[in-house]
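Read off the chains here:
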Amino acid sequence: RALRPKAAATRSEQQPTVGAAIQDAKTVEEICRAANEVLLLEGEETAHFHEQDVHRQKNKSASVNGLKRLAKMTLCWCRDDENMRRGIVRLIKGAGLDGTKTNRKKRASDGIDALRATASVLVALHAEDEDDDDTEELRIACNQLARRIEEDAEFLSDGERIVFDWAVRVIESRTGTTTTGGGSGERRRRVIGVEPNEFPFRYLTPNISDVLKNITVEDLRKEVPFKAEKLVTRTGKRVDERRETCFVAESGIGGLAYSGKIMEPTLLSETSLPLVNMIRNAIVEALRNDEEYGGYDINFDCALMNLYPDGASACAWHTDPEMGTVWDRDSVIVSIGETRRFAFRKLAGGEKQRGAEEEQIWVRMHHGDCILMRDDCNDNWEHCVFGKENDSNNSARVSLVFKKALSRGGGTKGHGMKTKGKKKKKKAK
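This is a predicted model, so every value here is computed, not measured.

### Section: the confidence of the model for the protein chain
Item 1. Per-residue pLDDT for the protein chain averages 83, and the proportion of residues at 70 or more is 81%.
Item 2. In the predicted structure, residues 179–184 sits below a pLDDT of 50 and forms 18 contacts with residues beyond four places in sequence or in another chain.

Encoded structure:
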């Protein structure tokens, strides 16, 4: 008896939904392929129901998820080809779709997630200084996404406004254009609602790449005498510190009190620590020339340096001690090496809000990125450094926390150090 032909596959069997295709993708290539082959953008609809809000929201949600997954995958990835770039552009356009109109707060939050992920992806793409049709498409897509977020600006939290400020500046630096339109910084100010210098902290993207491009973690390891020590936790327990540290300071500055120990300073000068001194001078000059800070001017004279040797080494939630008493309230963190997520969350009455979900404000700090903490930041906010996001995100990172010592009277700066060695016995009378 002749075999009957198999029934034709249904549409759902022939092609997965865009959400499933992107979620099931295991690689950058597979995510971009799904964006190129399954994602429907405005004007590409083939059926009347594709234009309904619910279907556009599905494409929008899938695009946001795709960008978030790409941002994790591209941490150690710098390959760039036409299909991948086209897929990334389509995901950014998809994230900028209109989507739901009933929950604009969610739409605003999704937009921030997509914009933050886009910034990280563009760092990996090395998209700067390119002037071709693909880059122009990238600029248009990013502008569309930023414009969509501006429509929902009233629904953004304070933390989301800070992330918007950072992400847009990263995207502008990578695409070589004022991505958000309306003149330099104009739309950013409209969205964030305040002047950038009113933030208690700010993720910076200073132009110090010429200084940092040839400085590696290994270079700093050779120059700086890092060491691992014991520290005291909030519960009073003494534990081994996973990271290695070193406090460096100009002559005349004493030690740094930190987690139950006083760190003796290593001399910071042009001859003793030339790379650290070069980075210090570069960030001071960059902030001084930052038009949004109106000539911010502080001469840092010391720094706490932290070496995170691998992805397992992180830093728990904390505030920096003695800011405003021993050290100036303003400090800057410069990140060298591996990408890590750096986060803030607000304190309530000096203590973390127990029993409540605090908003975590975070971005990925890439090589050369900086954070400025100023005024009462360490009184009202705590911060942390998360560990690796995946096994390819496992390399070493160094952070340089630049500070300025305050005079404590009598010419004293910092903490006095205990005299080493045994005390001399008094002579018998």
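### What to know about the packing of aromatic side chains
Item 1. What the rule picks out here adds up to 8 aromatic pairs.
Item 2. An angle of 70° between the planes, with centres 5.8 Å apart, marks the rings of F247 and W327 as edge-to-face. A residue pair is termed long-range when its members are at least 10 positions apart, and F247 in strand β4 (residues 244–249) and W327 in the loop between β9 (315–318) and β10 (331–337) qualify at 80 residues.
Item 3. On the basis of relative accessible area, F247 is assigned to the buried category, the value being 1%.
Item 4. Relative to F402, the ring of F300 lies with its centre 6.3 Å away and its plane at 35°, an arrangement referred to as tilted. In this pair, F300 is assigned in the loop between α12 (274–288) and β8 (302–308) and F402 in strand β16 (residues 397–403), connecting sequence segments 102 residues apart.
Item 5. Take F300: its relative accessible area is 2%, and that puts it in the buried class.
Item 6. For F402, a relative accessible area of 0% puts it in the buried group.
Item 7. An aromatic cluster of three or more residues is present, and its members are F201, Y203, F342, F344 and W381.
Item 8. When the ring centre of W362 is taken as origin, the NZ or CZ atom of R116, which lies over that ring, is 4.0 Å away.

### Focus on empty space enclosed by the protein
Item 1. Throughout the structure, instances matching the rule amount to 1 cavity of 30 Å³ or more.
Item 2. Considered as a void within the structure, the largest cavity measures approximately 190 Å³ in volume.
Item 3. Forming the boundary of the largest cavity are 19 residues, of which N306, H318, D320, H383 and V401 lie nearest the centre.
Item 4. Taken together, the elements giving at least two residues each to the lining of the largest cavity come down to β5 (256–258), β8, β9, β15 (381–385) and β16.
Item 5. For the lining of the largest cavity, the element with the highest residue contribution is β16, accounting for 4 residues.
Item 6. Each residue belonging to the lining of the largest cavity can be placed in one class, and the counts come to 11 nonpolar, 4 polar and 4 charged.

The rules behind each value
- Residues numbered from 1 in each chain as written.
- Predicted model: local features only at pLDDT ≥ 70, side-chain atom pairs only at ≥ 80, totals over all residues.
- Heavy atoms only, no water.
- pLDDT = per-residue confidence, 0-100.
- Contact = heavy atoms within 4.5 Å.
- Phe/Tyr/Trp six-rings, centres within 6.5 Å; stacked < 30°, edge-to-face > 60°.
- Helix = DSSP H or I, 4+ residues; strand = E, 2+ residues; numbered from the N terminus.
- Buried < 20%, exposed > 50% of the residue type's maximum accessible area, 1.4 Å probe, protein only.
- Lys NZ or Arg CZ within 6 Å of the ring centre and 35° of its normal.
- 1 Å grid on protein atoms, 1.4 Å probe; cavity = no way out; pocket = protein on both sides within 12 Å on 5 of 7 lines; lining within 4 Å.
- Points joined across faces, edges and corners; volume = space filled by probe spheres on them.
- Nonpolar A, V, L, I, M, F, W, Y, C, P; charged D, E, K, R; others polar.

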